[in-house]
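Per-entry structural report
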Amino acid sequence: MAIKLNDKYLSSFVGEHEYRHIQAQVTEADRLLRTKSGAGSDFLGWVDLPVNYDKEEFARIQVAAKKIQKSCDVLVVIGIGGSYLGARAVIEYLKSPLYNALKKDTPDIYFAGNCISADALNELLQLCEGRDVCVNVISKSGTTTEPAVAFRVFRELMEKKYGKDGAKERIFVTTDKARGTLKQFSTEKGYETFVVPDDVGGRFSVLTAVGLLPIAVAGIDVVALMEGAASARVAYTNPDISKNDCYRYAALRNILYRKGKTTEIMVGYEPFQTMLNEWWKQLYGESEGKDQKGIFPASVIFSTDLHSLGQFVQDGNRNLFETVIDIAETGSRFEIPDDPANVDGLNFLSGKNINYVKKTAMMGTILAHVDGGVPNIIINVDEKSAFVLGELLYFFELACAISGYILGVNPFDQPGVESYKKNMFALLGKPGYEELLEKLEKRLKN
Ligand code: PA5
């Protein structure tokens, strides 16, 4: 595996006997997962997805991606939560956070419907002016308000610009295979549709059409991504945490949590890791934050955030632990130039590769944070590639399931997300919510 867990900086925080004590719980979590007898076992489709996926649809995704690449300058991807974070994470990680601004032969890709903002919508409409546009709307339920509103806006734009028949060729829908308004509507309109499998929840869906269509449009090798995930699926089957880094990560999180380390900070040293961290935050936050339990998932990009949150991590409330993703080979080099006059006193760095400086900053920071009482888990990643990212995505999904079962929650539901939706629907006057509206209005008036 191109991923290795390094826990040597935990030695002053976690004793050997603690690994031994938690092993039985890891074995039980593995049994619940593998025998499909744990909570939420209807949503385990992601476990075998890297090999057991719809091959016909996979081929259709690649054909649709080519069609989008040929026919448009801009792809607008409409979705929220698990219906957009995975695609955005993979595109920014493997291409660039500046993907849209860089020279390329693939369309710009913008994400919409993940907030409620007139500014964001107007700006995106402006960006689409005078350019050929395609739309990929993604919603498993087909009823989520944020993407539904954005889709109404972009459908109108597409029909005005290309006529109903032209729009039909440029709108791609990813939703439930049979249920929901979006599915019905797409069938009526004749849009090409892709499926969010019944047994895969939104935050575990990056390797379904949800993630794969936008990722393929960006020109990323989706076959390599799936192959990487498939290799992780085979590698992480042994429940013994001395032999399974993925399960060891899940175990360590719980050991640290029980010591009062209730916030995990995912640390990256490259700006291209920002959205991967966001994907990870949703995966762990929505899977584990329930029953008044769970580790709060936070994230930082260093060195940037060493100059904003660094003080807190070093010296603030000691309820933190860090997980650092250290990517050995990103594929880029940059040598620091020499200045014969040495006006800035930086010649001790002349000729040094930026990657060397980054690595040094990383090691210095890890040691300082460990000295400050912050346990550091390091995940060593050999290289930045589609294959290895596929491994990493699967690593985190599987660890999340095991960790959630050790914690004693259902890692595959998200009842808490419904509460705000119900209140919002009622306050917006959606039919069927009249009683709740009355109650909420009383509370707001008081
Ligand atoms: O992970 C999840 O299940 C959620 O984040 C959903 O993806 C999100 O709420 C969007 O739901 P939908 O795809 O039904 O519009």
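Thresholds, definitions, all that
- Residues numbered from 1 in each chain as written.
- Predicted model: local features only at pLDDT ≥ 70, side-chain atom pairs only at ≥ 80, totals over all residues.
- Heavy atoms only, no water.
- Salt bridge = Lys/Arg side-chain N within 4 Å of Asp/Glu carboxyl O.
- Helix = DSSP H or I, 4+ residues; strand = E, 2+ residues; numbered from the N terminus.
- Buried < 20%, exposed > 50% of the residue type's maximum accessible area, 1.4 Å probe, protein only.
- Domains from an automatic or database assignment.
- Contact = heavy atoms within 4.5 Å.
- Buried area = accessible area lost by both parts, 1.4 Å probe.
- Polar contact = N/O pair within 3.5 Å; in protein donor to acceptor, adjacent residues only side chain to side chain.
- Nonpolar A, V, L, I, M, F, W, Y, C, P; charged D, E, K, R; others polar.
- Near = heavy atom within 4 Å.
- Areas by Shrake-Rupley, 256 points an atom, 1.4 Å probe, with all protein chains shown as cover.
- 1 Å grid on protein atoms, 1.4 Å probe; cavity = no way out; pocket = protein on both sides within 12 Å on 5 of 7 lines; lining within 4 Å.
- Sits in = over half its atoms within 2 Å of the grid points.
- Pairing = 2+ DSSP bridges.
- Right-handed = clockwise from strand over helix to strand, strands pointing away.
- Phe/Tyr/Trp six-rings, centres within 6.5 Å; stacked < 30°, edge-to-face > 60°.
- Lys NZ or Arg CZ within 6 Å of the ring centre and 35° of its normal.
- Points joined across faces, edges and corners; volume = space filled by probe spheres on them.
- Axes fitted to C-alpha atoms, helices over the stretch in contact; angles between N-to-C directions.

Let's talk about the pattern of salt bridges
If you walk through the whole model with that rule in mind, you get 28 salt bridges. We note a salt bridge from Arg179 to Asp198, for which the minimum N-O separation is 3.3 Å. Here Arg179, found in the loop between β5 (171-175) and α7 (181-189), pairs with Asp198, found in the loop between β6 (192-195) and α8 (209-217); they are 19 residues apart in sequence, far enough to count as distant. Classification of Asp198 as partly exposed rests on a relative accessible area of 36%. We note a salt bridge from Lys243 to Asp240, for which the minimum N-O separation is 3.3 Å. Three or more residues are tied together by salt bridges with common partners; here these are Glu56, Glu57, Arg60 and Glu192.

Thoughts on the domain arrangement of the chain
Under the domain assignment, the chain is made up of domain 1 (3-37 + 233-407) and domain 2 (45-220). Each of domain 1 and domain 2 has a C-alpha centre, and the two are 30 Å apart. Taken residue by residue, the interface counts 27 residues in domain 1 and 22 residues in domain 2. Both sides of the domain 1 and domain 2 interface together cover about 2200 Å² of buried area, and 69% of this is carbon and sulfur. It is Arg233, Met275 and Glu397 in domain 1 that bury the most area against domain 2; as a group they hold 27% of the surface buried on that side. Put simply, domain 1 and domain 2 have 2 salt bridges between them. As a salt-bridge pair, Asp48 and Arg233 come within 2.9 Å of each other at their nearest N and O atoms. On inspection of domain 1 and its partner domain 2, the count reaches 5 residue pairs in polar contact (both at pLDDT 80 or more). Broken down by secondary-structure element, the contributors of at least two residues to the side of domain 1 that touches domain 2 are α1 (16-34), α11 (274-288) and α14 (386-407). Class assignment of the residues belonging to the side of domain 1 that touches domain 2 gives a composition of 16 nonpolar, 4 polar and 7 charged.

Some words on the site of the ligand
Taken together, 13 residues lie around the ligand, and Ser83, Ser139, Ser141, Thr144 and Gln282 are the ones closest in. With respect to the ligand, the side chain of Ser139 contributes an N or O atom lying 2.6 Å from an oxygen atom. Between the ligand and Gln282 there is a distance of 2.6 Å, counted from an oxygen atom to a side-chain nitrogen or oxygen. In the complex, 89% of the free accessible area of the ligand, which totals 380 Å², lies under the protein chains. Taken atom by atom, the bulk of the ligand overlaps the largest pocket. Looking at the shell around the ligand residue by residue, the classes come out as 1 nonpolar, 9 polar and 3 charged.

Details of the pairing of β6
As defined by bridge partners, β5 adjoins β6 across 4 bridges and the pair is classed as parallel. When the bridges of β6 are listed, Thr174 appears paired with Phe194. Handedness of the β-α-β unit built from β5, α7 and β6 comes out right-handed.

Quick word on the packing of aromatic side chains
Per the stated rule, a full pass over the model turns up 20 aromatic pairs. A centroid spacing of 5.6 Å and a plane angle of 75° characterise the contact between Tyr236 and Phe395, whose relative ring orientation is edge-to-face. Linking Tyr236 in the loop between α9 (222-235) and α10 (245-258) with Phe395 in helix α14, this pair joins segments that are 159 residues apart in sequence. Of the two residues, Tyr236 and Phe395, neither departs from the other in class, the shared state being buried. Linked through ring pairs, Tyr236, Tyr249, Trp280, Tyr284, Phe395 and Phe396 together constitute an aromatic cluster. The residue whose ring lies beneath Lys55 is Tyr53, and the NZ or CZ to ring-centre distance is 4.3 Å. When the ring centre of Phe272 is taken as reference, the NZ or CZ atom of Lys384 above it lies at 4.1 Å.

Concerning the layout of surface pockets
When its volume is computed, the largest pocket comes out at roughly 660 Å³. Taken together, 26 residues line the largest pocket, and the ones lying closest to its centre are Ser141, Gly202, Gln414, Glu418 and Lys421. Broken down by secondary-structure element, the contributors of at least two residues to the lining of the largest pocket are β4 (133-139), α6 (145-168), α11 and α15 (415-428). When residues of the lining of the largest pocket are assigned to their parent elements, the largest contribution, 4 residues, is made by α15. The residue inventory of the lining of the largest pocket, partitioned by class, reads 7 nonpolar, 10 polar and 9 charged.

Considerations on the sheet that holds strand β3 (residues 108-112)
One open sheet accounts for 5 strands, arranged β3-β2-β4-β5-β6; its pairing is parallel. Two strands close off the open sheet at either side, each with one partner strand: β3 and β6. The average undirected angle you get between the axes of adjacent strands in this sheet is 20°. The pairing of strand β2 (residues 74-78) with β3 spans 5 bridges and is classified as parallel. Along β3, the bridge assignment pairs Val77 with Phe111. Along the sheet, α6 makes contact with β2, β3, β4 and β5, crossing β4 at roughly 140°. Along the sheet, α8 contacts β2, β3, β4, β5 and β6; its crossing angle with β4, the most-contacted strand, is approximately 160°.

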